[in-house]
Amino acid sequence: MELIQNTADLSAYLAADEVIDHHHPAVRNAAARLAGGVEDSYTYARAAYEFVRDGVPHSGDSGDPRVTWRASDVLERRTGICYAKAHALAALLRAEGIPTALCYQRLRHDDGSGYAVHGLVAVRFDGAWHRQDPRGNKPGVDARFSLEGERLAWVPDPKCSEVDYPVLYAEPHPAVLGALQAAPDRPSLWRNLPTEL
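For clarity, every value in this text was computed on a predicted model and none was experimentally measured.

Draft legend 1. Looking closely at the sheet that holds strand E3 (residues 115-125). Read from one edge to the other, the open sheet built from 4 strands follows the order E4-E3-E2-E5, with strand pairing classed as antiparallel. Either end of the sheet is taken by a strand with one partner, and the two such strands are strand E4 (128-132) and strand E5 (163-164).

Draft legend 2. Seen up close, helix H2 (residues 41-55). Over its 15 residues, H2 runs 20 Å from end to end, which matches the ideal 21 Å to within 8%, given 1.5 Å per residue. Tyr44, Ala45, Ala48, Tyr49, Phe51, Val52 and Arg53 are the residues of H2 that are buried. In this structure, the buried residues of H2 make contact with helix H1 (25-35), helix H4 (71-77), helix H5 (82-95), E3 and E4.

Draft legend 3. Spotlight on the state of the cysteines. In total, this model carries 0 disulfides according to the counting rule given. In this structure Cys103 is not part of a disulfide, and its nearest cysteine sulfur, from Cys82, lies 11 Å away. Free of any disulfide, Cys160 has its nearest cysteine sulfur in Cys82, 19 Å distant. For Cys160, a relative accessible area of 18% corresponds to the buried category.

Draft legend 4. Highlighting the pattern of salt bridges. This model, assessed by the stated rule, comprises 10 salt bridges. Note that Asp54 and Arg53 form a salt bridge whose closest N and O atoms lie 2.7 Å from each other. On the basis of relative accessibility, which here comes to 12%, the residue Arg53 falls in the buried class. When salt bridges with common partners are traced through the structure, they connect Glu18, Arg70 and Asp73 into a single cluster.

Draft legend 5. Just the side chain of Asp21, in detail. Along the polypeptide, Asp21 turns up in the loop between strand E1 (4-5) and H1. Summary of buried charges: Asp21 has no salt-bridge partner, and the nearest side chain of opposite charge, Arg70, is 4.3 Å away. Of note is the side chain of Asp21, whose polar atom sits 2.6 Å from the side chain of Ser72. What Asp21 contacts, discounting residues up to four positions off in sequence, is Val27, Arg70, Ala71, Ser72 and Ala91.

Draft legend 6. Spatial organisation of the layout of surface pockets. Volume-wise, the largest pocket comes out at about 550 Å³. Lining the largest pocket are 21 residues; nearest its centre among them are Arg108, His109, Asp110, Trp154 and Trp190. For the lining of the largest pocket, the secondary-structure elements that each account for two or more residues are helix H3 (59-62), H5, strand E2 (100-108), E3 and helix H7 (186-191). Broken down by element, the lining of the largest pocket gets its largest block of residues, 3 residues, from E3. The class makeup of the residues in the lining of the largest pocket is 10 nonpolar, 4 polar and 7 charged.

Draft legend 7. Focus on helix H6 (residues 174-182). Every buried residue of H6 is listed here: Val176, Leu177, Ala179 and Leu180. Projected down its long axis, H6 shows its buried positions confined to an angular sector of 160°, all on one face. Exposed positions of H6 whose direction lies more than 90 degrees from the buried face are Pro174 and Ala182. Contact partners of the buried residues in H6: H5, E2 and H7.

Basis of the calculations
- Residues numbered from 1 in each chain as written.
- Predicted model: local features only at pLDDT ≥ 70, side-chain atom pairs only at ≥ 80, totals over all residues.
- Heavy atoms only, no water.
- Pairing = 2+ DSSP bridges.
- Helix = DSSP H or I, 4+ residues; strand = E, 2+ residues; numbered from the N terminus.
- Expected span 1.5 Å × (residues − 1).
- Buried < 20%, exposed > 50% of the residue type's maximum accessible area, 1.4 Å probe, protein only.
- Contact = heavy atoms within 4.5 Å.
- Disulfide = S-S within 2.5 Å.
- Salt bridge = Lys/Arg side-chain N within 4 Å of Asp/Glu carboxyl O.
- Lys, Arg positive; Asp, Glu negative; His and termini not counted.
- Polar contact = N/O pair within 3.5 Å; in protein donor to acceptor, adjacent residues only side chain to side chain.
- 1 Å grid on protein atoms, 1.4 Å probe; cavity = no way out; pocket = protein on both sides within 12 Å on 5 of 7 lines; lining within 4 Å.
- Points joined across faces, edges and corners; volume = space filled by probe spheres on them.
- Nonpolar A, V, L, I, M, F, W, Y, C, P; charged D, E, K, R; others polar.
- Arc of directions from axis to C-beta.

Structural data, given as structure tokens:
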């Protein structure tokens, strides 16, 4: 699949905003800790990925009812769903000058009852974009940081109307951000997740 930037301006994938707030002290401090023991940007990107994947529990797995959407809140509260974790990882990577995009998949619920949009990131190294899924591993999910072929949590099945969306967003998709910001708790969010983009 060819990944498509929604803006040709690469600097947009380094920008800070209300969601990917890499200027916030919580993000800057976490980035400084992670960067302290690494030798290059690739090693830093892997460390940041593993920190978010393993150090910030997915709220659906942990049962945490809180909804986070701003990167600094995800890092401070140590909870979030896939979108929030993608925002946190994007902020950590952008804080160290690594262009990072937000991207999405449409996946069927495990019980087959419907669909939900799933959030990922893509990092730019050596002139190419590489998708990464910081969702968090669990039985049946073994996502890993890789620039040598994707190691995502899920591979969409087109026969089930699942979709890999090719667009790389510099900012969260409005449908995703709107659902996060409107939800008083995770159970409510679960009922109102976007089903497609």
